[in-house]
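For reference, the chains in residue letters:
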Amino acid sequence: HSASAAAFAVAVGDVLPALQPPLRAAASIVAFSRIYTGVHYPSDVLIGAAVGAIIGRLASATARFIS
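Residues numbered from 1 in each chain as written. Predicted model: local features only at pLDDT ≥ 70, side-chain atom pairs only at ≥ 80, totals over all residues. Heavy atoms only, no water.

Draft legend 1. A look at the environment of V10. Inspection of the secondary structure assignment puts V10 in helix α1 (residues 2-15). Distance in space between the C-alpha atoms of V10 and F65 is 16 Å, their sequence separation being 55 residues. Setting aside chain neighbours within four positions, we find V10 in contact with R24, A53, G56 and R57. (Helix = DSSP H or I, 4+ residues; strand = E, 2+ residues; numbered from the N terminus. Contact = heavy atoms within 4.5 Å.)

Draft legend 2. Molecular detail of the environment of I35. Position of I35 relative to the elements: it lies in helix α2 (residues 20-36). Sequence spacing of I35 and I54 is 19 residues, and the spatial spacing of their C-alpha atoms is 21 Å. Residue contacts for I35: discarding those within four places in its chain leaves H40, P42 and V45.

Draft legend 3. Here's a closer look at the pattern of salt bridges. A complete count under the given rule lists two salt bridges for this structure. In this structure, R57 and D14 form a salt bridge, with 2.6 Å as the shortest nitrogen-oxygen distance. Of this pair, R57 sits in helix α3 (residues 42-66) while D14 sits in helix α1, placing them 43 residues apart in sequence. Judged by its relative accessible area of 41%, R57 falls in the partly exposed class. Overall, D14 belongs to the buried group, its relative accessible area being 17%. In this structure, R64 engages D14 in a salt bridge whose closest nitrogen and oxygen atoms are separated by 3.9 Å. (Salt bridge = Lys/Arg side-chain N within 4 Å of Asp/Glu carboxyl O. Buried < 20%, exposed > 50% of the residue type's maximum accessible area, 1.4 Å probe, protein only.)

Draft legend 4. Focus on α3. Under the 1.5 Å per step criterion, the end-to-end length of α3 is 36 Å for 25 residues, consistent within 8% with the ideal 36 Å. Those residues of α3 not exposed but buried are V45, G48, G52, G56 and S60. Those residues of α3 that are buried are in contact with α1 and α2. (Expected span 1.5 Å × (residues − 1).)

So yeah, pure geometry; function would need other evidence.
Pasting the structure below:
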């Protein structure tokens, strides 16, 4: 969940900069909720968010390169 939320927030935020703050806030809430509900360790969430952010950045860069 953290990885997909981060990937979406970064990719869409790169394309629509005005949406970066609310998207990143939403992704942070998703990540926190995984820890708060006890379904993941903090390290799992941090690594997932980092991987998601990298994938989101690559996706937005690829989209800009193609178009």
